[in-house]
Structures are given as C-alpha cells and as structure tokens.
Amino acid sequence: WCWAAFDWARRPASGPALRLSRSFGLGCADYDRLVLSVMAPPGAVLRLIAETDAGQRRVQAPPAGIQKREVTLELAGATRLKSVTIEIDAADDGIAKGWFNWLGLQHSGRLTRKLQAEAETTRDQRWEQHLKDATFAPSFTPSYGLMLNAEELTALRRRHAALCAAGATSPFVTAAEAAQARAPESMIHDFVNFWDDSRYNRERDHGKFILNHGLNAAIAGHLLHDKELLRLAARYALSIASCGRWDDGFTCHFPGSTFNHVCFVQCLCAYEVAGILDLAGEYFTDLGRDFLLRRLAEESIGSITYNTWSRPYIFGCNQLAWFTPARMLTLGILSRHSPRVRPYLDIAYRELCDSLDATILPDGGYPEGPMYFRCIGRDAGLGVYYYSRAIGRPMAELIPAAMRRCGDFGELVVSTDDTQDTIPFCDARPAHEILSQAIMAELLPDSAWPPMLRKCMARHGGWPVNPLYEEDGYPDMMADPAIAWGIAERMPTVLAEARPFVILPEMGPLSSLRVFQGHQVKLLIQGNRAGAGHAHEDKGSFVLECAGETFAMDPGTCTYGNPLAGLLQQCERHNMLVPYGCRERPAPSLCLPHQVKPTGQGDATSFHAEIDASPGWEPFYHHWQRTWDSPEPGILTISDKYALAKGTGVEFFWQ
C-alpha cells in the first residue's frame, strides 16, 4: 500500500521475475474494472490475472515506461473476485527496482460522469466576484512587501532591462510564456501534483503542472509592467485555491486512511498563493482575498501545525526547514489581517532554530548532502527572510548561529566542473539552488559560496537562474532568482581563495584541491555519519575532477518518481569495490548505522587518505580498507586491501 517496493538482482532462467497471488472472496458486482497502480521497471511486462465467479480475467500491459501507470483489467460481468495474481517479466538481465501503490475496483460509468462534471463546472476566466475586471489599471505595487518590496522591484526591473537591451533572452519572460500556454482554470482538480513527483498522484494527472506558473507570471508582470500577466497570476492563485485538496493523491484522504505525505504539497500551494497575494494582491476583490486567506489558514497552516505537533522526526532532517518559507510567508500575510497571528511567527522561528541546531553538525556539515542543503541555505534562509520582514527586524540579527558554521561545507561540496555548482553525492543534482547560494554567500562572504554564485550566474549569461527541473519538463520558480539577484548585487568583488584540504570530521567526507599544469584538480572522498538520510551505498567511493571536467563521477539522483532513483543509490553506480559471484546483490547496509569516515592530510602539493569501509558490509567482506596516495597532483594511486566473506572475486567500478 502506497510504495511497497520490490527489486531483483537478475532475470530468472525462466518465468516471471516476480509473482504475487492472493485469495479474496470479495464482492465486485458494483464495479466493472480492477485497477493496479504500479511502477514496473522500465521495459518490464506486467500481467494482472483475476479468478472470478465468471471465469478467469487477464490483461497484459505494454512494456513499462519511466512513469507509474495504472493497469486496468475489465471484469466483464464478474460479481465476485476469488483471487488476484500479479506477474512481472524482467526486461533484461540487470538489477531492477519498482513498487506497487494500490489495487482497487473502479466503476467506469461513474468515473466518466465525475470527469465530465469536473470539466463542465470548471470556472470561466472572469472570476467576476473574486477579481477586478479587465479594465482595472494596477499600480504594480506589492500588497505586503514581504516577497519583494517596491524598491526591490524597481531595481530588479532595471537589471532585467539592461540584460534584455544587450540582446539576452530573459528566462523570466520565457517562464511567463509557459504560464500563458494553458488556462489555470483547466487544471482545477481534486488534488495538486507535487512538482514532477508522480509517486502518489493518479495516472490521469501526470503533467498537470499548476504550481510555479502563477508566481512566474506575477514576477514577469512586474518586470514588463504587463497587467494581463498580473491578472493571470491572480487567476492561478484562485485556481489553486479551488482545488479540492492541497495534497497529491486520494491515498491521504478517504475514510480510515492512515497514510500522510506530511505537508509538502500544502506548503507548495501556500507559498504560491501567498506570494501571488503579495505581488498581485491589488487584483483581488475583498471576497477573492478572503477566500484565499481562509484556504491558507485551514489547508496550509492547519496541516503544517498538525505535522509539527505530531511528527518530532521532522526537526531532525530537512523537513521542518522545508516547510518554513511557506509557513512564514503565509503567517506574515495572515498577521496583517489578524494581530492574533503574530505570536505564531515567533513560534515558527524558534522551531526553525531548534531544527537547525539538530541538523547542522558542529563542523558545519549536513549529513543529507549538497542538494538537501538547499533546505538550510534556501528554505531556512528564506524563512528568516520572511520572518524579518514580517516583524520589522534586520535579517542579519535573526540568522541562527548554526547557519554561520557552514563555510567548510561549501568548500567541500563546491565543484570545479564547468557545468555544475556542487558535486552531486547522496541524493543530489549538480545544480545547487541559486537562492541557497545567494543567501549563504551573503551570510559567509569569505567562503566558497560567493565564487559558486558568481560561477553559476556566469554560466547562465549573467542571469541568476539554475534550471533544476528542465529535464523533467517542470517549470522553475522564478521568484527565487528574483530575490537572489538583489543579494548577488551586494556580493564582494574580491573572492576568497579555495583551500587545498578540507575535512568535516563530524559529517565524514574530505576533499583535496590542487593545481596540475595550470588546472584545478579536486578529489572528494565520501564518508558517513551513522544514520545519515538520503545517503547512498558509497562509503569508500570518490569523485575526481580535473580541468573543468569530471573524471570519476557520482551519479547523484533523479526524480523520485523514476525507479532509476533507487538504482542510483546502489554501490554498482559508484566508484566502489564490489564482490561478485553471490546469489544476492552484494551491498552494504542502507541507511548505514555505522560511522564510516576517511582520515587524511593534504596541502597544495600532496594528499593521502585512507578509510576502513568494512562496517555495513559484514555479510560480504571480512574487511576492506582503501587508501589514496597522491604525492603530486598528476599522480593518484588507489589501493584496496580486502578479504571476502562471500563471493569469488571483486570488481572495481569506475563511473
């Protein structure tokens, strides 16, 4: 139920790789279809077989793609299910992963009527009682000045016009054009997609991207003084607010459900709606504004508060910080209409500080890796940004002390590869969010964060963007670059020099940076803090960069809706020493409950490190020790000493 995962190490000699059967005795006279929601490994073939009182019913699905699908079996008059069998044939001989979501009965006639009713009752684009009409002339002044105030918008407009005058194509305008491509009212639905993550939505909702477009239209509307874009942004806010639930699927909302996807989607919806209320608020009537305020309070703040009360674990990982920007922005706007909201801002700030004290290590490291560090730089930083504006105190006075420790972490993760910002180890991608870079650069001007920010902007022709989701077809949020651009203007012109050796003893990794024939050489060696989340089977792996390219890579991750995300965690996808000749797939424990950390030393010339990578490999290695020796930047010798407990040999994987 909801992400029951499976995997196999190799294709069997004959028959399906996976077969599951269950006997029922379930009446189905009121339904005409059996539906299985499944993410089968790409290329795999699935069969759904039902024994019924009217005989056997079976269907074979086409080879699976890279998105979850719903396999439908026509019951053809059957009134009772006796048993159900699921079979999956492997596509090839390799390792495969997938998962099941749910198995359910469907009445196709009632579904057709439901979808038809949704289409017929979709609001028109006038929103007559909620929006001012098309003749309204806006002042292009933000309603609250929390996201961006009038002076900041003027400066943003000036910088934007200068680049456009030089012939550059504006990503802000491109994003607005994408927002105009589809009427927001056509995407009003029972639920809201969580970005491009398709794990929990229905198959018919793939590609319904209602989020981000509205804020993008609002930002571009201010840049271009385009009142139609501002009005479009307001329509997006009303359309999001008209969606039945701010969640990504029915699994969270049916009688008796105990499944909860925490409050991710609620926060995304709230951030979008609250931001549009700020930037395009003058377009709403009192009725429209009050409709949005009520949805923000009940659907978002209510959910965030419940999960903060009931789930202590969110304080010890990325999630409390992840929820904070939406929480602070929403509370800031609500507090302008109800003074009783004011104490809740202080509560949210104290809880953020508590979470940062628990998640940022004494050495400034962050065990969940560079991508999830955006929850420190971007999310925690943006939460403080909105808190400072809501209560009228300078942001510099409110930055939690834990964030000021993260200079060495930036030095460790910054990449010398010309195409990326950070080295994407753990669940990560090579682009680090621009607003995270900007906030950390302003907070720590003598660290590696300002050079990272400069490099990122130069790579994009001076624009403050890094398109994180372009490979998924998902629109990037342009409010973040808009805020980051103002911060980037304040960056120092003289940047700090990179250090040749960095070690984070609490987090685990270490890195060396030297110069070979005029080019930078960077070596990062992975380590593990016991219990670290979003980690991979990679302790003892390494990343090697030289002359702006990557020579030994870490694959990072992809969207979690793709089973490749699970495969990319595996040791075979890293620069590891892996046994072969075992019946099962050799792998260390994940999440690894041991401290596995390299030790070493280095300077501008030489480098040496070693690691005992055995912990967690107990079923396969008696011991495994790896050393790296580099007496000068042009020579690197890697040595492995090991004794197998299982298997007939080892393979040295080099990605």
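Refer to the structure printed above.
Figured I'd write up the structure that's included with this text. Quick caveat, the model's predicted, so the values are computed rather than measured. (Residues numbered from 1 in each chain as written. Predicted model: local features only at pLDDT ≥ 70, side-chain atom pairs only at ≥ 80, totals over all residues. Heavy atoms only, no water.)

Counting its secondary structure elements, the chain contains 16 helices and 19 strands. Its C-alpha radius of gyration of 27 Å places the chain within 12% of the 26 Å reference for a compact globule of 655 residues. Across its three principal directions, the C-alpha atoms of the chain cover 75 × 75 × 45 Å. Across the 655 residues of the chain, 56% fall into the buried class. Contacts spanning at least 24 positions in sequence make up 73% of the contacts within the chain whose residues lie at least 6 apart. On the chain, roughly 26,100 Å² of surface is accessible, and the fraction owed to carbon and sulfur atoms is 52%. Across the chain, the centroid of the 63 positively charged side chains sits 5 Å from that of the 76 negatively charged ones. (Helix = DSSP H or I, 4+ residues; strand = E, 2+ residues; numbered from the N terminus. Rg over C-alpha atoms; globule rule 2.2 N^0.38 Å. Buried < 20%, exposed > 50% of the residue type's maximum accessible area, 1.4 Å probe, protein only. Contact = heavy atoms within 4.5 Å. Areas by Shrake-Rupley, 256 points an atom, 1.4 Å probe, with all protein chains shown as cover. Lys, Arg positive; Asp, Glu negative; His and termini not counted. Charge placed at Lys NZ, Arg CZ, Asp CG, Glu CD.)

All right, on to the sheet that holds strand β2 (residues 18-27) then. With respect to topology, 4 strands assemble into an open sheet ordered β2-β7-β4-β5, the strand pairing being antiparallel. Two strands in the sheet have a free side with no partner beyond their single neighbour: β2 and β5 (55-60). Direction aside, neighbouring strands of the sheet carry axes that sit 15 degrees apart on average. Where strand β4 (residues 45-52) and β5 come together, 6 bridges link them in antiparallel fashion. Each bridged residue has a counterpart across the sheet, and for E51 the counterpart in β5 is Q56. (Pairing = 2+ DSSP bridges. Axes fitted to C-alpha atoms, helices over the stretch in contact; angles between N-to-C directions.)

Looking now at the pattern of salt bridges. Under the defined criterion, the tally for this structure stands at 34 salt bridges. D7 is the partner of K97 in a salt bridge, and the nearest nitrogen-oxygen pair spans 3.9 Å. Of the two residues, K97 is situated in strand β8 (residues 96-106) and D7 in strand β1 (residues 4-8); the sequence distance between them amounts to 90 residues. The class of D7 is partly exposed, set by a relative accessible area of 49%. Linked through salt bridges whose partners overlap, the residues forming this network are R374, R378, D379, E433 and D480. (Salt bridge = Lys/Arg side-chain N within 4 Å of Asp/Glu carboxyl O.)

Within the structure shown, the criterion is met by 32 aromatic pairs. Consider the rings of F172 and W485, whose centres lie 5.9 Å apart with planes at 5 degrees: the pair is stacked. Here W485 lies in helix α15 (residues 479-488) and F172 lies in helix α3 (residues 171-180), a separation of 313 residues in the sequence. Both residues of the pair, F172 and W485, count as buried. Both rings, one in W617 and one in Y621, keep their centres 5.3 Å apart while their planes meet at 70 degrees; by these two values the pair is edge-to-face. As far as burial versus exposure is concerned, W617 and Y621 are alike and both buried. Each residue in the set F194, W195, F264, W322 and F323 is aromatic and connected to the rest through ring pairs, giving one cluster. A cation over a ring is seen here: R378 above Y271, with NZ or CZ 5.3 Å from the ring centre. One Lys or Arg, R626, reaches over the ring of F652 and ends 4.8 Å from the middle of that ring. (Phe/Tyr/Trp six-rings, centres within 6.5 Å; stacked < 30°, edge-to-face > 60°. Lys NZ or Arg CZ within 6 Å of the ring centre and 35° of its normal.)

The next subject is the packing of helix α8 (residues 319-337) against helix α11 (residues 374-391). At a closest axis distance of 7 Å, the pairing of α8 and α11 adopts a crossing angle of 15 degrees. Between α8 and α11, the interaxial angle falls into the category roughly parallel. Judged by the sense of rotation from one axis to the other, the crossing of α8 with α11 is left-handed. Packed against α8, whose contacting residues are A321, W322, T324, P325, M328, L329, G332 and R336, the element α11 presents R374, C375, R378, D379, A380, L382, G383, Y386, Y387, R389 and A390 at the interface. Class assignment for the residues of the contact of α8 with α11 results in 11 nonpolar, 3 polar and 5 charged. (Parallel < 35°, antiparallel > 145°, perpendicular 65-115°, else oblique. Left-handed = near helix turned anticlockwise from the far one by under 90°. Nonpolar A, V, L, I, M, F, W, Y, C, P; charged D, E, K, R; others polar.)

So, on to the nonpolar core. Judged by nonpolar contacts, the single largest core of 139 residues is most densely connected at M147 and Y386. Counting residues per element, this core draws most heavily on helix α6 (residues 264-279), at 12 residues. Each residue touching M147, except ones within four places of it in the same chain, is listed here: E152, L215, Y271, G275, D278, L279, L329, Y385, Y386, R389, A479 and I483. In terms of nonpolar packing, the next biggest core, distinct from the first, is built from 25 residues, A50, A61, L73 and I86 among them. (Core = buried A, V, L, I, M, F, W, Y, C linked by side-chain atoms within 4.5 Å.)

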